[in-house]
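Given next are the chains, with one letter for each unit.
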Amino acid sequence: MEDRRSYKVVIVPDYALNPENYPHLPQHLKIYEGARDAGYGVIKMPPTDIPEESADEWVEITADMIEEYLNKGYKVAVIAVEGLPDKGVWFSKLVKELESRRTMPKILEISRGELEADGEQLAEKIKTVLS
Amino acid sequence: MGEGSKKVIFLSHCFINQNAKVLEFARYPGVVAPFLDFMKRRGYVVEQLPCPETLHMGIKRWWNTKELYDTPGFRKHCRRLAKHVVDLMEHYQRKGYDVVLIGLDGSPSCGVNITGRNPNWGGRPYASIEDYHIVEEMGVWMEELKAEIERRGVKLANMTGVPMDDPKFNMDESLRNIEKLVEG
């Protein structure tokens, strides 16, 4: 059977799929839609209000996935969003963990202004990060 | 499940990331778009389970049967993941959400209603899809996750599987079934 995988994966904050959990931010799915339309597989981080010790485990699990994909030649990016605690992806811990493993995906930072602007620019930014 | 109640759907990892599929089984480039778009149109919060197969055996793993994953080491790995998933289920339950779990039917780890067995698989790599025998059982990951859910007393509103790896799979029919199941 034909395997249609893209070999491209993005790590996204919970906000990207569940904006209703973050009423202070724009209520749209533009990050999800950008990743979907670019053909990326999505690894979603948990909600940002989970306990710290639980978050540590999710960061480790996510770092394991990133390391495995990069080792096998897949393209990987982390999408970090301004306005979320530690950019919605436990950015400091995740980067520290990945640095300790000597591996690093691309990082795509999205500002509050970009979230509020026309979706086309945001979609293009997401599409080109792993092109 | 109450009409109008908030719902969180815990989905098997590969519905949102087809790059985690065992080779030959990715039907979409990344996200299973009709599935996720349906979830968001219905207003469901979506959570993604970790993929125990990719985490344990990697992305270039061979095809496996339930027997090959049914080991103390893989079950221990699943129990570690299950603890964090059920923490998250409790997190949503405390906020008043109904929790629904949707696995991947037919998978040796993620199957809910059906999985695949063959006692002869093992040793020198050789596998034919015809030799993957579908049986009415859960996969190993779902067995361990269900055990943790029950041990912690988390009440699931529903639990089912979607047979996306079946060549006869019908997405529209599957989405109708899920809507009935989730909305009651």
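Please refer to the structure placed before this passage.
Here the structure is a predicted model, which means the values were calculated and not measured.

Residues and elements named next belong to chain B. Tallying each qualifying case throughout the model produces 36 salt bridges over all chains. In this structure, Arg42 engages Glu179 in a salt bridge whose closest nitrogen and oxygen atoms are separated by 2.7 Å. With Arg42 in the loop between helix H1 (33–41) and strand S2 (45–48) and Glu179 in helix H6 (residues 171–183), this pair connects stretches of sequence that are 137 residues apart. The class for Arg42 is partly exposed, based on a relative accessible area of 35%.

Residue and element names in this part refer to chain A. In the structure shown here, the tally under the stated rule is 10 aromatic pairs over all chains. Three or more aromatic residues link up through ring pairs in this structure, and these residues are Tyr7, Tyr69 and Tyr74. Its guanidinium or amino end placed over the ring of Phe91, Lys87 lies 4.4 Å from that ring's centre, counting from NZ or CZ.

As for its position among the elements, His84 of chain B is in helix H4 (residues 72–94). Sequence-distant contacts of His84 of chain B, that is, excluding residues within four places in its chain, are made with Glu57, Trp58 and Ile61 of chain A.

Moving on, we come to the environment of Leu49 of chain B. Residues and elements named next belong to chain B. Structurally, Leu49 is set in the loop between S2 and helix H2 (52–57). Taking C-alpha positions, Leu49 is 17 Å from Ala33, a pair spaced 16 residues apart along the chain. Filtering out sequence-adjacent residues up to four positions away, Leu49 remains in contact with Phe10, Leu11, Ser12, His13, Val85, Leu101, Trp141, Met142 and Leu145.

Now for the packing of H1 of chain B against H6 of chain B. Residue and element names in this part refer to chain B. Contact geometry of H1 with H6 gives a least axis separation of 11 Å together with a crossing angle of 30 degrees. With respect to each other, H1 and H6 are oriented roughly parallel. The handedness of the crossing between H1 and H6 comes out as right-handed. Across from Pro34, Phe35, Phe38 and Met39 in H1, the residues of H6 making contact are Met171, Leu175, Ile178 and Glu179.

All names here are of chain A. Spatially, S2-S1-S3-S4 is the arrangement adopted by the 4 strands of the open sheet, whose pairing is parallel. Looking at which strands have only one partner, the edges of the open sheet turn out to be strand S2 (41–44) and strand S4 (106–110). Averaged over all pairs of adjacent strands, the angle between their axes in this sheet comes to 25 degrees, without regard to strand direction. Sheet analysis places strand S1 (residues 8–12) next to strand S3 (residues 75–81), joined by 4 bridges and oriented parallel. Looking across to S3, one finds that Val9 is bridged to Val76. Sitting on the sheet, helix H6 (residues 119–129) is in contact with S3 and S4, with an inclination near 175 degrees to S4.

Rules behind the numbers
Residues numbered from 1 in each chain as written. Chains lettered and ligands numbered in written order. Predicted model: local features only at pLDDT ≥ 70, side-chain atom pairs only at ≥ 80, totals over all residues. Heavy atoms only, no water. Salt bridge = Lys/Arg side-chain N within 4 Å of Asp/Glu carboxyl O. Helix = DSSP H or I, 4+ residues; strand = E, 2+ residues; numbered from the N terminus. Buried < 20%, exposed > 50% of the residue type's maximum accessible area, 1.4 Å probe, protein only. Phe/Tyr/Trp six-rings, centres within 6.5 Å; stacked < 30°, edge-to-face > 60°. Lys NZ or Arg CZ within 6 Å of the ring centre and 35° of its normal. Contact = heavy atoms within 4.5 Å. Axes fitted to C-alpha atoms, helices over the stretch in contact; angles between N-to-C directions. Parallel < 35°, antiparallel > 145°, perpendicular 65-115°, else oblique. Left-handed = near helix turned anticlockwise from the far one by under 90°. Pairing = 2+ DSSP bridges.

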